[in-house]
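The chain contents come next:
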Amino acid sequence: MKNRMRNALSLAALLSAAGFTTTAQAADELTWHGLTLYGTYDIGLVHQTHGAPVSKDWGVGTAYLIAKNSDKPQTTIAPNGLSQSRIGLKGKQDLGGGVAFVFNLEVGFNPQSARLSDGLASLAYNNGRALDQQRSAGDASRAGQLFNGPAFVGLSSKELGTLTAGRNNTVLLDNIGRYDPMNSSYAFSVIGLQGATSGGGYTQDARADNSLKYNGKWGGVRLAALYQVDSGHGGQGTGWQLNAGFDGQNFSVDAVYASKKDGVSAASLNAAQARIMPRGSLAAVVSDNTAWTIDGSYTLGAFKLYGGFERIEFENPSRPLRPGFTGLGGYTFSVVNNEAFPHAKHLDVSWLGVKYAINKDFDLTGAYYHYNQNAYGKTICHERSAANCSGQLDAYSVRLVWHNFAKRFDAYTGAMFSSVSDGLAAGYLHRSTIDPMVGVRFQF
């Protein structure tokens, strides 16, 4: 006991010398005034009527949503059903005059393999493999970087707002997290698992390197903005986003506009490409993307209603990228398509949901998600013959969460049914899947 007290006092002295206040918080032994160590570990068991083997690299672990390579029924241990497993350090230090220095460094990981979350590594593993021989995989903004979550420093003021610089979660990602009834969970939310909505087109753009981000709130009015600087190489083009929101007594509403130049969507190499291209390289579609979103929530007693709509437009890039460019996470893109959109592609994403607080420990949530894609190829089509035909995706999910059944532990269970049709089903082994899951999440 004496050794523990001595160690705590020594740590407090070090933090005090660094300028941080060190009064311990009774509610959280890992938090001191100004400095917080936080983390999440999420693991569960899922059954999929059509699935692919779990990835050791992809943060999602397994495709809880119908995917091209969803194949045989499987029951497996799976990660991050409710939220991304992560560990991070954030701080806030008073500088005087109502201004504070803030920072955040976060690492996302796969709890089964303990590897850094790396969606692009999961794609590279599938290079040259037939669909029925692939593992679960997906593009991601977490691409094996040490700090693959937020990694920023900044200044914060109650009156003036907060300005941060570095790797920021985008305004759209914050917005989707606020209004997704399933809280962007991978196992129960289309817009949580797929980053098209939170990235304004592509999931890699849900987090922005080399960016400045501003958040301010005055009464019920909220404003946010983000600007991403062109880093001078592929996959890191200029981007910007603006958000205006309002919080009423029982409701909230937000609107966001986003623009991104040289957005990159990564994919595995097919068998012919894998034979001649550098090992571990990837394929990419490049485009200039714009998006606008309006969404809101309304609380009525124990019920909270959610809804949103986003229109995303994809066009061929004004500044094409050459094959061999180095993109997110240092990956090389050896096959590059700068002409994927003979006509502008429009992707309309809509969602509705309701959460019922049964009591302080339990809540039950139901949600519906819908994608609608136009035909954007050289010829108009409404079938499965090509990915540029018009198409639809529909998903229905339900989830029950038991909060704090033990200190810092949540338990959850639920299921998501998802299906695709026409152009959004092109090349798929199967067109629907049901994925019931149970899991446990530990947070500190």
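Look up: the structure comes first, before these words.
An account of the accompanying structure is given in this report. Being a predicted model, the structure only gives us computed values, none of them experimental.

## Let's talk about the pairing of strand S19 (residues 391–406)
Point 1. Here strand S18 (residues 362–373) runs beside S19; their pairing, made up of 12 bridges, is antiparallel. Bridging across to S19, Thr365 finds its partner in Arg399.
Point 2. Relative to strand S20 (residues 409–422), S19 runs antiparallel, the two sharing 13 bridges. From the neighbouring strand, Gln392 faces S20, where its bridge partner is Ser421.
Point 3. Hairpin connection between S19 and S20: a loop of 2 residues separates the two successive antiparallel strands, and Arg408 in this loop has a positive phi of roughly 75 degrees.

## Here's the deal with the environment of Ala406
Point 1. Inspection of the secondary structure puts Ala406 in strand S19.
Point 2. Judged by its relative accessible area of 32%, Ala406 is partly exposed.
Point 3. Once the C-alpha coordinates of Ala406 and Phe442 are considered, the two residues, 36 residues apart in sequence, prove to be 9.5 Å apart.

## A short note on the pattern of salt bridges
Point 1. In this structure the tally under the stated criterion is 16 salt bridges.
Point 2. In this structure, Lys217 engages Asp247 in a salt bridge whose closest nitrogen and oxygen atoms are separated by 3.3 Å. Note that Lys217 is positioned in strand S9 (residues 207–218) and Asp247 in strand S11 (residues 239–247), a separation of 30 residues in sequence.
Point 3. Take Lys217: its relative accessible area is 47%, and that puts it in the partly exposed class.
Point 4. Using a relative accessible area of 21% as the deciding quantity, one classes Asp247 as partly exposed.
Point 5. Its salt-bridge partner being Arg311, residue Asp348 comes within 2.3 Å of it at the nearest N-O pair. Pair noted here: Asp348 is in strand S17 (residues 345–357) and Arg311 is in strand S14 (residues 303–315), with a separation of 37 residues, a long-range link.
Point 6. For Asp348, a relative accessible area of 16% puts it in the buried group.

## A look at the layout of surface pockets
The gaps left among the atoms become clear once a water-sized probe is rolled over them.
Point 1. The space that makes up the largest pocket amounts to roughly 1,700 Å³.
Point 2. Lining the largest pocket are 50 residues; nearest its centre among them are Lys68, Ser265, Ala266, Ala267 and Tyr428.
Point 3. For the lining of the largest pocket, the secondary structure elements donating two or more residues are strand S12 (251–267), strand S13 (282–300), strand S16 (332–337), S17 and S18.
Point 4. A breakdown of the residues in the lining of the largest pocket according to their chemical character gives 31 nonpolar, 16 polar and 3 charged.

Here is what the cut-offs are and how they apply
Residues numbered from 1 in each chain as written. Predicted model: local features only at pLDDT ≥ 70, side-chain atom pairs only at ≥ 80, totals over all residues. Heavy atoms only, no water. Pairing = 2+ DSSP bridges. Helix = DSSP H or I, 4+ residues; strand = E, 2+ residues; numbered from the N terminus. Buried < 20%, exposed > 50% of the residue type's maximum accessible area, 1.4 Å probe, protein only. Salt bridge = Lys/Arg side-chain N within 4 Å of Asp/Glu carboxyl O. 1 Å grid on protein atoms, 1.4 Å probe; cavity = no way out; pocket = protein on both sides within 12 Å on 5 of 7 lines; lining within 4 Å. Points joined across faces, edges and corners; volume = space filled by probe spheres on them. Nonpolar A, V, L, I, M, F, W, Y, C, P; charged D, E, K, R; others polar.

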